[in-house]
Amino acid sequence: MSRPLTRSRFMGIAAGAGLLVAGHGAAQTGVRMHQRRIPSSSEMLPVVGVGTWRTFDVGAKPEERAPLAEVLRLLFAAGGSVIDTSPMYGSAEAVVGDLLSAAAARSKAFIATKVWTTGRDRGITQMRNSMRLLETDRIDLMQIHNLVDWRAHLPTLLAWKAEGRIRYLGITHYTQSAHDELESVMRSEKWDFVQINYALDDRAVERRLLPLAAERGIAVIVNQPFGGGGLLRRLMNRKLPDWAGEVGATSWAQILLKFVLANPTVTCVVPGTGKPEHMADNLQAGFGVYPDAALLKKMIAEVAA
């Protein structure tokens with residue numbers, strides 16, 4: 001009986017065949033990944049980070065933590081920095097905090113977390129707890145998760161930014177049904193960041209939200225670039241197209257990430273992973289060239305086929 005070609009199995013086959021050598025070499029030779037400007041400050045941010053939903057929600061056993069420590073080591077070795085987490089991600093904040101502390105790597109990380117509760121006081125309590133779990137007195141990016149009670153939290157975020165407790169403030173949402181509200185909130189206040197879904201098979205944000213972010217000078221973090229995982233799983237059974245070489249992509253994951261990063265409004269993409277081999281693969285999308293308009297059409301047609 002044939003085994004399904006999962007991403008992990010494909011990565012094992014590719015590594016054995018030597019297909020990943022060039023990708024690993026980028027980090028090993030000291031080449032740093034591409035960076036993009038945060039409009040509100042002109043600070044440069046590496047274009048590929050890591051998301052922690054599900055993958056970093058683990059216990060304290062060394063065998064659970066060791067792969068995640070390697071994920072972060074690979075991220076930093078390639079010149080990456082963005083770690084996206086949230087109080088709603090189980091133990092992820094605590095795990096990130098412990099791993100950064102153990103590796104003395106806090107200065108290498110751009111920590112993005114979220115407030116996800118109602119009421120001003122509960123928001124303050126939750127954000128203070130996030131700082132405790134992340135073992136830091138300053139969060140790089142605090143985001144109001146899914147716009148939950150954003151009017152109550154915004155004054156706190158503005159005050160904490162002025163005090164230096166947070167460096168940037170942002171908003172997030174993951175459903176297309178919320179795009180109208182998200183657009184309204186993006187227009188009504190000055191935000192540093194917005195986090196949204198964007199993938200080759202989920203392009204709704206191209207219509208209004210990405211152009212609006214560019215217009216308003218809001219940095220964009222993209223999550224679920226693999227279509228929630230379903231798109232990547234579907235493509236894994238297909239032969240890598242000949243045109244992948246035009247952008248130096250050696251895997252479907254890299255193709256999907258390079259599609260997202262081809263949009264200049266996207267500042268950073270944070271695919272979630274807890275496996276070092278996946279992190280190493282994802283990171284290669286931060287190097288080399290990105291698709292031009294003609295190649296983007298080929299990518300869209302490939303997924304639609």
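Please refer to the structure placed before this passage.
A brief report on the enclosed structure follows. Small disclaimer: the values here were computed from a predicted structure and weren't measured.

## Here's the deal with the packing of helix α5 (residues 120-134) against helix α6 (residues 150-163)
Viewed as axis vectors pointing N to C, α5 and α6 meet at an angle of 45 degrees, and their least axial separation amounts to 8 Å. Our classification of the angle between α5 and α6 gives oblique. Between α5 and α6 the crossing geometry is right-handed. Contacts between α5 and α6 involve R120, G123, I124, M127, R128 and M131 on the former and, on the latter, A152, H153, T156, L157 and W160. Within the contact of α5 with α6, the residues separate by chemical class into six nonpolar, three polar and two charged.

## Quick notes on the nonpolar core
One finds F56, L72, I83, L100, I171, M186 and W191 to be the most contacted residues of the largest nonpolar core, which totals 81 residues. Here this core takes eight residues from helix α10 (residues 252-261), the largest share from any one element. If we ignore the near neighbours within four places in the chain, the residues touching F56 are V50, G51, L68, V71, L72, S91, A92, V95, V96, L99 and T273. L45, F110, A112 and L141 belong to the second largest nonpolar core, which has 12 residues in total.

## Points about helix α8 (residues 209-216)
For α8, the complete set of buried residues consists of L209, L210, L212 and A213. Along the long axis of α8, the arc covered by the buried residues comes to 160 degrees, so they all point the same way. Where α8 is buried, its residues contact α7 (179-188), β8 (193-197) and β9 (219-223). Trailing α8 by a residue or two, G217 shows a phi angle of about 70 degrees, which is positive.

About the criteria used
- Residues numbered from 1 in each chain as written.
- Predicted model: local features only at pLDDT ≥ 70, side-chain atom pairs only at ≥ 80, totals over all residues.
- Heavy atoms only, no water.
- Axes fitted to C-alpha atoms, helices over the stretch in contact; angles between N-to-C directions.
- Helix = DSSP H or I, 4+ residues; strand = E, 2+ residues; numbered from the N terminus.
- Parallel < 35°, antiparallel > 145°, perpendicular 65-115°, else oblique.
- Left-handed = near helix turned anticlockwise from the far one by under 90°.
- Contact = heavy atoms within 4.5 Å.
- Nonpolar A, V, L, I, M, F, W, Y, C, P; charged D, E, K, R; others polar.
- Core = buried A, V, L, I, M, F, W, Y, C linked by side-chain atoms within 4.5 Å.
- Buried < 20%, exposed > 50% of the residue type's maximum accessible area, 1.4 Å probe, protein only.
- Arc of directions from axis to C-beta.

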